[in-house]
Amino acid sequence: MSVSDEIFRRALSRLAAGVSIVSTGSTGNRRGVTATAVCSVSAGPPTILACVNTATGTCKMIQEKGLFAINLLAEHHKPVAEVFAGRGGLQGEDRFEHGDWIAGDLHDLPILGSALAALECRVDNMVEAGTHAVFFGVIESAYFAENPPLIFHDGRFHVLPMSAAAA
Ligand SMILES: Cc1cc2nc3c(=O)[nH]c(=O)nc-3n(C[C@H](O)[C@H](O)[C@H](O)COP(=O)(O)O)c2cc1C
């Protein structure tokens, strides 16, 4: 027995989360989705996980390439987060017209230049859970930019109060 979809969504909407874009592919053939289901796993080896809907082109391409990047979003990325959540209808490569995307040094993965942190990862393990694939990635390179974070809670994007105070 399990709770309804409605109860699941109501409960999980109360989990405040940082917002990321999970990206994959390489120059000219990139895919990406906005995601909050991203989590630190272990420092040894440095491992992160991302849960990606198996119906997305992003999930299929991560499975093919065995590589993905996690881009931790800043406040000013809210419009980019909306594009990569599918709002506005852009798909595939067209989404990358929004945001300061560059190619990662190591694997040519799509890296958002102004991300708080951008991590190039190699898939170490993958587990299917319901509608999603859980990708465990070993972090092979990292990029940093100093910006306040973008938060998602109760169905809306937020900024931290400290950021408003500093503004
Ligand atoms: C705040 C927010 C968080 C999301 N988190 C996830 C997530 O963790 N995993 C996921 O697969 N989709 C997540 N989504 C939905 C995807 O961004 C969306 O389904 C995706 O862009 C659709 O891509 P497609 O058009 O290529 O199928 C989230 C959406 C929003 C707005």
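To start, this report covers the structure provided alongside it. (Residues numbered from 1 in each chain as written. Predicted model: local features only at pLDDT ≥ 70, side-chain atom pairs only at ≥ 80, totals over all residues. Heavy atoms only, no water.)

### Focus: the site of the ligand
The line we're drawing: The cutoff for a nearby residue is simple: one of its non-hydrogen atoms must lie within 4 Å of the molecule or strand. As used in this structure description, the phrase polar contact means that two N or O atoms lie within 3.5 Å; if the pair is within protein, one of them must be able to donate a hydrogen and the other to accept it, and residues adjacent in sequence are counted only when both atoms belong to side chains. Where accessible areas are quoted, they stem from the Shrake-Rupley method and a 1.4 Å probe; at the residue level, only the protein chains shown are allowed to cover. Helix and strand labels come from DSSP, where a helix needs a run of H or I of at least four residues and a strand needs a run of E of at least two; each type is numbered from the N terminus. Residue type decides the class: Asp, Glu, Lys and Arg count as charged, Ala, Val, Leu, Ile, Met, Phe, Trp, Tyr, Cys and Pro as nonpolar, and the leftover types, Gly among them, as polar.
In the region of the ligand, 17 residues are neighbours, and Thr34, Cys51, Asn53, Phe84 and Arg95 sit closest. Asn53 places a polar main-chain atom, nitrogen or oxygen, 2.8 Å from an oxygen atom of the ligand. Residue Arg95 places a side-chain N or O atom 2.8 Å away from an oxygen atom belonging to the ligand. About the coverage of the ligand: the protein hides 77% of its 640 Å² of free accessible area. Counting residues per element, the ones that place at least two in the shell around the ligand are β3 (29–35) and β5 (46–53). Partitioned by chemical class, the residues of the shell around the ligand number 8 nonpolar, 7 polar and 2 charged.

### What about the nonpolar core?
What counts here: For our purposes a nonpolar core is just a set of buried Ala, Val, Leu, Ile, Met, Phe, Trp, Tyr and Cys residues, chained together by side-chain atoms within 4.5 Å. Burial classes follow relative accessibility: with a 1.4 Å probe on protein chains only, a residue under 20% of its type's maximum area counts as buried, one over 50% as exposed, and anything between as partly exposed. Contacts are assigned to residue pairs that have any heavy atoms within 4.5 Å of one another.
In this structure, Val19, Ile21, Leu73, Ala81, Phe84, Trp101 and Leu150 are the most contacted members of the largest nonpolar core, which totals 19 residues. Put simply, the parts of the chain that give this core at least two residues each are β6 (67–72), α3 (78–84) and β8 (110–112). Ranked by residue count, the leading element in this core is α3, at 4 residues. Every residue in contact with Leu150, bar those within four places of it in the chain, is listed here: Ala17, Gly18, Val19, Leu73, Ala74, Glu75, His77, Lys78, Ala81, Phe157 and His158.

### Comments concerning helix α2 (residues 57–65)
An α-helical turn contains 3.6 residues, so any two residues separated by three or four positions project in the same direction. Quick reminder of the rule: By construction, the arc corresponds to the directions joining the helix axis to the C-beta atoms.
Within α2, the full set of buried residues consists of Thr58, Cys59, Met61 and Ile62. On an axial view of α2, the arc spanned by its buried residues comes to 165 degrees, and they lie on one face. Taken together, the buried residues of α2 touch β2 (20–26), β3, β5, β6, β9 (117–129) and β10 (132–144).

### Structural notes on the sheet that holds strand β4 (residues 38–43)
Stated precisely, the cut-off is as follows: At least two bridges found by DSSP between two strands are what make those strands a pair. Note on definitions: angles span 0 to 180 degrees between N-to-C directions of axes, and those axes are lines fitted to C-alpha atoms, for helices only across the stretch in contact.
Across the sheet, 7 strands lie side by side as β3-β2-β6-β9-β10-β5-β4; this open sheet has antiparallel pairing. Strands at the two margins of the open sheet, each flanked by one partner only, are β3 and β4. Strand-to-strand twist in this sheet, taken as the mean axis angle between neighbours without regard to direction, amounts to 30 degrees. Bridge count for β9 against β10 is 12 bridges, and the pairing is antiparallel. In the sheet register, Met126 faces β10, and the bridge partner there is Phe135. Seen against the sheet, α2 touches β2, β3, β5, β6, β9 and β10 and runs at an angle of roughly 50 degrees to β2.

### As for the sheet that holds strand β11 (residues 150–153)
The 3 strands are arranged β1-β11-β12 in an open sheet whose pairing can be described as antiparallel. Taken across any chain shown, the strands that pair with only one partner, and hence form the sheet edges, are β1 (17–18) and β12 (156–159). For β1 and β11, the ladder comprises 2 bridges, and the chain directions are antiparallel. Paired with Gly18 across the bridge in β11 is Ile151.

### Examining the packing of aromatic side chains
What counts here: To pair, rings of Phe, Tyr and Trp, with the six-membered ring standing in for Trp, must have centres within 6.5 Å; the planes then decide the type, stacked if under 30 degrees apart, edge-to-face if over 60, and tilted in the middle.
Going through the model one piece at a time under the given rule, you end up with 5 aromatic pairs. Arranged with centres 5.4 Å apart and planes meeting at 45 degrees, the rings of Phe84 and Trp101 form a pair that is tilted. Of this pair, Phe84 sits in helix α3 while Trp101 sits in strand β7 (residues 101–103); the two residues are 17 residues apart in sequence, bridging distant segments of the chain. Its relative accessible area of 11% is what places Trp101 among the buried residues. Ring centres of Phe152 and Phe157 lie 5.0 Å apart, and the angle between their planes is 70 degrees; this geometry places the pair in the edge-to-face category. Classification of Phe152 by relative accessible area gives partly exposed; the value is 23%. Phe157 gets classed as buried once you look at its relative accessible area, which sits at 15%. Joined through ring pairs, the aromatic side chains of Phe84, Phe96 and Trp101 make up one cluster.

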